[in-house]
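Chain and residue survey
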Amino acid sequence: IMANKKLSNTDTDTDDDTDDDILVCFIDRREFITSHCGLETTVGRAVQTYFLLQTNDFRDAHQDVLPAMYIAIFLCLQQQQNNDNNDNNNAYINTLPSRHDLHHLPLFWNRQSWMELQNTRLQSGIQERHVAWEHEYTIVLTAMMQDASTDESSSFVDLETWQWARSILTSRAFMDDSKNEMCLVPYVDMMNHCSNSSSDDDDDVIQCNWKIDPSGFHLMLPSDNHRHCPATTIVGAPITKRIEISYGTSHSNSN
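Residues numbered from 1 in each chain as written. Predicted model: local features only at pLDDT ≥ 70, side-chain atom pairs only at ≥ 80, totals over all residues. Heavy atoms only, no water.

1. Considering the pairing of strand β2 (residues 21-28)
For clarity, the cut-off: Exposure categories follow from relative accessible area, calculated using a 1.4 Å probe and restricted to protein chains: below 20% of the type maximum is buried, above 50% is exposed, and the middle band is partly exposed. What counts as a helix is a DSSP run of H or I of at least four residues, what counts as a strand is a run of E of at least two, and both are numbered from the N terminus. Two strands qualify as a pair provided DSSP detects at least 2 bridges between them.
The buried count for β2 comes to seven of eight residues, which makes it a mostly enclosed element. By the bridge criterion, seven bridges tie β2 to strand β8 (residues 216-222) in an arrangement that is antiparallel. Across the sheet, the residue bridging to L23 is M220, located in β8.

Quick look at the structure:
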């Protein structure tokens, strides 16, 4: 939903000084993809049951990644069904990059390219992510095999598709502070974005602000801006190794 109106504090239910901001884009919360989408699937419920049967230490060790796992389950099942159903999220799912489109991510580099990193922090980070995501994938398969309501684990997606889904989250997910959970927000994730530090030094972009409140996602443009240049959303301070792994790299002579 596109909009063009002044955004007041009442609109966003916040104390921040946004009286002069202009709402340029609004996405209703009902369009979000959250962990609940994965939990509503048979596979998601099997994983939930699996964790309930584990020790407290095991659950605590996976508490932070579990919401991402549920969203990844939802994305994988959507891919597995080839979006043949009439789910409301189909239009958004179809805009996501394919596994082939993510070949620039270090996670999907071939072994020769990976070895050329020569024991760097980036190489160790890639290896750690491979191990972590393979562990998550094994948990999902184990949960499905132990749950009578699910099909055989072989009917789930392959490891590469799981890594695709998790990569989508690392580069596109927003943190919904109003509910303290991760979410995917359709279409907004395709907008230009940069870190706070880089946008502060760039006079050729307009810094938009965004908020997620109980109603949905709000993208705001400062009303005192009179420049005609690209707008960008702010995604926070960069972390070099994490940025390289999650967003990949490119070269001037690459195809």
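2. What to know about helix α3 (residues 42-52)
Which entries qualify depends on this criterion: Relevant arc is that of directions from the helix axis to the C-beta atoms, nothing else. Residue contacts follow a heavy-atom distance rule, with two residues in contact if any of their heavy atoms lie within 4.5 Å.
Among all positions of α3, only V43, G44, A46, V47, Y50 and F51 are buried. Projected onto a plane normal to the axis of α3, the buried residues spread over an arc of 160° and lie on a single side. Those residues of α3 that are buried are in contact with α2 (35-39), α4 (56-62), α5 (66-80) and α8 (121-146).

3. Notes on the packing of aromatic side chains
Just so we agree on the cut-off: Pairing of aromatic rings covers Phe, Tyr and Trp, the last through its six-membered ring, and needs centres within 6.5 Å; plane angles under 30 degrees mean stacked, over 60 mean edge-to-face, and all others mean tilted.
Across all of its chains, the model carries nine aromatic pairs by this definition. Each member of the aromatic cluster is reached from another via a ring pair, and the members are Y50, F51 and F58.

4. Some thoughts on the nonpolar core
Quick reminder of the rule: Grouping buried Ala, Val, Leu, Ile, Met, Phe, Trp, Tyr and Cys residues that are joined through side-chain atoms within 4.5 Å yields what is termed a nonpolar core.
Core analysis: the largest hydrophobic core is formed by 40 residues, its most contacted members being L75, V140, F156 and W162. Those elements giving two or more residues to this core turn out to be α3, α5, α6 (90-93), α8 and α9 (159-172). Looking at this core, the element that brings in the most residues is α5, giving eleven residues. Not counting residues up to four positions away in its chain, the partners in contact with W162 are M69, A72, I73, C76, W133, E136, Y137, V140, F156 and V157. The next biggest cluster of nonpolar side chains, apart from the first, holds eleven residues, and it includes I27, F32, F174 and L219.

5. Description of α9
The criterion, for reference: The span you would expect from a helix comes to 1.5 Å times its residue count less one.
Between its terminal C-alpha atoms α9 stretches 20 Å, which fits the 20 Å expected from 14 residues at 1.5 Å a residue. Residues of α9 that are buried include every one of T161, W162, Q163, W164, A165, R166, S167, I168, L169 and R172, and no others. Packed against the buried residues of α9 are α5, α8, β4 (174-176) and β5 (181-184).

6. Here's the deal with the sheet that holds β5
Applied cut-off: Each axis is a line fitted through C-alpha atoms, and for a helix only the stretch in contact is used; angles between axes span 0 to 180 degrees, taken between their N-to-C directions.
Taken in spatial order, the three strands line up as β3-β5-β4 in an open sheet, and their pairing is antiparallel. In the strand order of this sheet, the two ends are held by β3 (33-34) and β4, each with one partner. This element, α5, spans β3 and β5 of the sheet and lies at about 25° to β5.

7. A closer look at the side chain of Q123
Along the chain, the position of Q123 falls in helix α8. Residue Q123 is classed as buried on the basis of its relative accessible area, which comes to 7%. In contact with Q123, not counting residues within four places along its chain, are W114, M115, L117 and Q118.

8. Observations concerning the packing of α3 against α5
Here is the rule we go by: Put simply, angles under 35 degrees are roughly parallel, angles over 145 are roughly antiparallel, angles from 65 to 115 are roughly perpendicular, and the rest are oblique. By definition, turning the near helix anticlockwise from the far helix through less than a right angle yields a left-handed crossing, and turning it clockwise yields a right-handed one. Three classes are used, and their members are as follows: Ala, Val, Leu, Ile, Met, Phe, Trp, Tyr, Cys and Pro are nonpolar, Asp, Glu, Lys and Arg are charged, and the others, Gly among them, are polar.
Following both chains from N to C, one finds α3 and α5 inclined at 155°, their axes separated by 9 Å at the closest point. Of the possible angle classes, the one that applies to α3 and α5 is roughly antiparallel. Between α3 and α5 the crossing geometry is right-handed. Contact residues: V43, G44, V47, Q48 and F51 in α3; L66, Y70, I73 and L77 in α5. Looking at the contact of α3 with α5 residue by residue, the class counts come to seven nonpolar, two polar and no charged.

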